[in-house]
Amino acid sequence: MPEPASPQPIRAGDGWRLPGIANLHSHAFQRAMAGLAERRTDPADSFWTWRETMYRFAERMTPDALHAVAAQVYAEMLEAGYTRVCEFHYVHHRPDGLPYDDPAEMSLALVAAARETGIRLTLLPVLYMAGGFDGRPLSARQRRFGHEVDAYLRLFEALRAREDETLRAGVALHSLRAVPEAAMREVLAALPARTPVHIHIAEQVGEVQDCLALRGARPVAWLLANAPVDAHWTLVHATHLDEAEIAGIARSGAVVALCPTTEANLGDGLFPLRAFLDAGGRWGVGSDSQISVSPVEELRWLEYGQRLVARRRNIAVGASESVGQTLLAGVAESAGAATGFDESDDWLLLDADAPVLAGATEQDVADRWIFSGNRPLLREAHVGGRRVVAEGRHLLADAIAADYGATLRRLLAA
Ligand SMILES: [Zn+2]
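These notes cover the structure that comes with them. Per chain, residue numbering runs from 1 following the sequence as it is written. Totals for whole chains, interfaces and linings use every residue, but because this is a predicted model, local features are given only for residues with pLDDT of at least 70 and side-chain atom pairs only at 80 or more, for both listing and counting. The basis for every side-chain value is the complete set of non-hydrogen atoms in the structure, without hydrogens or water.

## As for the coordination of the zinc ion
Condition: With water excluded from the atoms, a metal site may look incomplete; its donors are any N, O or S atoms within 2.8 Å, or within 3.2 Å for Na, K and Ca. Secondary structure elements are taken from DSSP: a helix is a run of H or I of four residues or more, a strand is a run of E of two residues or more, and numbering for both begins at the N terminus. Burial classification: accessible surface area is computed with a 1.4 Å probe over protein chains only, and a residue below 20% of its type maximum counts as buried, one above 50% as exposed, and the rest as partly exposed.
Every protein donor of the zinc ion is accounted for by His25 (NE2), His27 (NE2) and His200 (NE2), and the metal-donor separations fall at 2.1 to 2.2 Å. Donor residues for the zinc ion, ordered by position in the chain, follow H-x1-H-x172-H. Residue His25 is located in strand β3 (residues 21-26), and its partner His200 is located in strand β8 (residues 197-201); the two are separated by 175 residues in the primary sequence. The exposure class assigned to His200 is buried, which follows from its relative accessible area of 9%.

This is the structure:
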């Protein structure tokens, strides 16, 4: 079947057919620690104390473990309706910080997991060079992440050489605090045209303050003034924005990757969605830390966060008076530029016989899918002509889950 022209579900036999959804931000390995950082270790627990738990997990990852964890989370993504994933990948080296014999070994574990599950992968090797805006060196816990520019570009080229109809290579700058200005310019100058570039930005108030102190501008304002930000850029989080930054991102054509469940889990803050939509901004969603692997939950909480603050209902409207239709139009519109897969014929089939879709029409099916509970309604997912989910289950779900279970028990015992 060709890709539906519309991002909205249309009736097809005994189901509702719609295009696959792009996951714009994933750290696959963090699936292994989902739910394991929810106990208080300090009265001031924050993003920064969560990061210590995350670092301990990153230290234990081997190529085999990463493959098993990524296969699990990619299968879960397909079962939930994500058919493309942007993998923001930074655990590159051996635990002692030296490169593997093949410096791409950890990246290739992710490629193998994507090929096994059938998800389209936009692999974004992360450039990570400094431990803060002041240029301090990486800490011992960050030594698996670091690259000099030359080695980084060799990794990017090695991955680009493997591109095919299910693999794209792009670039991720970890954040402004982790990438010195000169290195950023050098990498950007070396990229082929239209390479997707992703960056974490303005997620934390502390990061905004440090950027102001050391670079004299807020992070997004600094980036827009110092990098050729355009439609091939994806700004991840962009939580803390002033009015000029909101307008500036929208004017640039860049996509903002919003990860509402992770941003809530980490206590980041709330993105100014309504103002951004009014400015004509483009956006998509990501599962990020994998505490939830569900576009339905990301989209629902994107809207609910706004309602809780505005004390009003039905905030994300514009493409349509329907919130669900507006949200699906938003994620469809940004998917090609952010992932580098310009077009795809991937599609999903929702179960028209599910009780919550009883009597659904083309006018209300998007709202009913997103805003009526947590029972998965996805029956099938098709990627590149291959059916990978049937009756709501990934075709390899049992074998992948068994491998994941054994791997996780090993990681937790380490
Ligand atoms: Zn992230």
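What follows continues from the structure just given.
## What to know about the packing of helix α7 (residues 219-226) against helix α8 (residues 243-252)
Selection criterion: For helices, the axis comes from a line fit to the C-alpha atoms of the stretch in contact; other axes are also lines fit to C-alpha atoms, and the angle between any two N-to-C directions lies between 0 and 180 degrees. Crossing handedness is read from the near helix: turned anticlockwise from the far helix by less than a right angle, it gives a left-handed crossing, and turned clockwise, a right-handed one. Residues are treated as being in contact if the distance between any of their heavy atoms lies within 4.5 Å. Polar here means any residue other than Ala, Val, Leu, Ile, Met, Phe, Trp, Tyr, Cys and Pro, which are nonpolar, and Asp, Glu, Lys and Arg, which are charged; Gly is therefore polar.
Two elements in contact, α7 and α8, have axes whose closest approach is 9 Å; the angle formed by their N-to-C orientations is 40 degrees. Of the two possible hands of crossing, α7 and α8 adopt the one that is left-handed. Touching Pro219, Val220, Ala221 and Leu224 of α7 are Glu245, Gly248, Ile249 and Ser252, all from α8. Per-class residue counts for the contact of α7 with α8 are five nonpolar, two polar and one charged.

## Regarding a negative patch on the surface
Going by this rule: Two distance rules govern patches: like charges are joined within 9 Å, and nonpolar side chains (Val, Leu, Ile, Met, Phe, Trp, Tyr) within 5 Å, applied only to residues with over 30% relative accessible area and no salt bridge. The Shrake-Rupley method, run with a 1.4 Å probe sphere, supplies the accessible areas, and residue values consider only the shown protein chains as cover. Note on definitions: salt bridges are taken to be side-chain nitrogens of Lys or Arg within 4 Å of carboxyl oxygens of Asp or Glu. The charged-residue count follows a simple rule in which Lys and Arg add positive charge and Asp and Glu add negative charge, with His and chain termini not counted at all. A charge is said to be at NZ when it belongs to Lys, at CZ for Arg, at CG for Asp and at CD for Glu.
Taken together, the side chains of Asp64, Asp101, Asp102, Glu105, Glu116 and Asp403 make up a negatively charged region of the molecular surface. With respect to the helices and strands, Glu105 occurs in helix α3 (residues 105-117).

## Thoughts on the pattern of salt bridges
Note on pairing: side chains with opposite charge can pair once their charged atoms come close. Summed over the entire model, instances satisfying the criterion amount to 22 salt bridges. We note a salt bridge from Asp14 to Arg379, for which the minimum N-O separation is 2.9 Å. Of this pair, Asp14 sits in the loop between β1 (10-12) and β2 (15-19) while Arg379 sits in strand β13 (residues 378-383), and the two are 365 residues apart along the sequence. Look at Arg379 and you get buried, because its relative accessible area is 11%. For Arg393, the salt bridge is made with Asp398, and the minimal N-O distance between the two is 2.4 Å. One connected set of salt bridges, linked through shared partners, spans Asp14, Asp351 and Arg379.

It is worth stressing that arrangement in space is one thing and function is another; only the former is reported here.
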